[in-house]
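Chain by chain, the residues run as shown.
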Amino acid sequence: MKIASISLNQKIYNPGNIQFKACFSKPVDHSAKWSWKKLRILERSDKEMIDMAEFFHKKDDWELRQIAEGNSFLVSEDKIQKAYKKLKSAIDKVLRKKSQIEEKINNGINDDFTIRMLKSELDRLNDKAENVQLIEKLYKKSF
């Protein structure tokens, strides 16, 4: 039996034998357009819109317009404006609820249980708005 010696310092370059590792996880494409079919803003009920608004309540006005527009190649400007107004209205409700919770916490409620409940609701809203991967999975166009 013959044992070959292996030299660790020896480098062999063979351009025809280059191997590329497979990509196991696809990075999130932040430039992907919002999907008009996934958003379905005009078809959603008030409760569904509040749920969607909890995801988007930290977005600025320009981003909200982009979300309402989506990948709307064949959608009229009138429908886009209606979608924006409906989304903005739902976001305003979420922001009012959030400010009411913050006021209750700041007004000095003595009940520790109530304060913990209110703070957990604020944390839930913030966590939902910061979960970018879930937002993109739910509402962006997948390629």
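Provided above is the structure to which this section pertains.
Residues numbered from 1 in each chain as written. Predicted model: local features only at pLDDT ≥ 70, side-chain atom pairs only at ≥ 80, totals over all residues. Heavy atoms only, no water.

1. Quick notes on helix α3 (residues 61-69)
Logical step 1: Residues of α3 that are buried: Leu64, Ile67 and Ala68. Projection of α3 onto a plane perpendicular to its axis shows the buried side chains occupying an angular sector of 95°, all on one side.
Logical step 2: Remark: glycine 70 follows α3 within two positions and exhibits a positive phi of approximately 60°. (Buried < 20%, exposed > 50% of the residue type's maximum accessible area, 1.4 Å probe, protein only. Helix = DSSP H or I, 4+ residues; strand = E, 2+ residues; numbered from the N terminus. Arc of directions from axis to C-beta.)

2. A short note on the environment of alanine 53
Logical step 1: Checked against the element boundaries, alanine 53 lands in helix α2 (residues 46-56).
Logical step 2: We classify alanine 53 as buried; its relative accessible area is 0%.
Logical step 3: Once the C-alpha coordinates of alanine 53 and leucine 95 are considered, the two residues, 42 residues apart in sequence, prove to be 9.1 Å apart.
Logical step 4: Residues in contact with alanine 53, not counting those within four places in the same chain, are Ala90, Ile91 and Val94. (Contact = heavy atoms within 4.5 Å.)

3. Considering the packing of α3 against helix α4 (residues 77-106)
When two helices pack together, you describe them by how their axes are tilted relative to each other and by the distance separating the axes.
Logical step 1: Interaxial distance between α3 and α4 falls to 8 Å at its minimum, and their mutual angle equals 130°. Judged on the interaxial angle alone, α4 and α3 are oblique. Every pair of crossing elements has a handedness; the one defined by α3 and α4 is right-handed. Taken together, the residues of α4 that come into contact with α3 (itself represented by Asp61, Leu64, Arg65, Ile67, Ala68 and Glu69) are Ile80, Gln81, Ala83, Tyr84, Leu87, Lys88 and Ile91. (Axes fitted to C-alpha atoms, helices over the stretch in contact; angles between N-to-C directions. Parallel < 35°, antiparallel > 145°, perpendicular 65-115°, else oblique. Left-handed = near helix turned anticlockwise from the far one by under 90°.)

4. A few points about the packing of aromatic side chains
Logical step 1: Under the counting rule described, the total for this entry stands at three aromatic pairs.
Logical step 2: Both rings, one in phenylalanine 55 and one in tyrosine 139, keep their centres 5.9 Å apart while their planes meet at 70°; by these two values the pair is edge-to-face. Of this pair, phenylalanine 55 sits in helix α2 while tyrosine 139 sits in helix α6 (residues 132-139), and the two are 84 residues apart along the sequence. The burial state of phenylalanine 55 is the same as that of tyrosine 139; both residues are buried.
Logical step 3: When the ring of phenylalanine 56 is compared with that of tyrosine 139, the centres are 5.4 Å apart and the planes differ by 50°; the resulting orientation is tilted. Here phenylalanine 56 is found in helix α2, whereas its partner tyrosine 139 is found in helix α6, with 83 residues between them in sequence.
Logical step 4: Assessed through its relative accessible area of 0%, phenylalanine 56 is described here as buried.
Logical step 5: Connected via pairs of aromatic rings, a cluster forms that spans Trp34, Phe55, Phe56 and Tyr139.
Logical step 6: For arginine 65, the ring lying beneath its charged end belongs to tyrosine 84, and the centroid distance is 4.2 Å.
Logical step 7: The positively charged end of lysine 140 is found above the aromatic ring belonging to tryptophan 34, 4.8 Å away from the centroid. (Phe/Tyr/Trp six-rings, centres within 6.5 Å; stacked < 30°, edge-to-face > 60°. Lys NZ or Arg CZ within 6 Å of the ring centre and 35° of its normal.)

Functional significance is not addressed by these values, which are geometric in nature.
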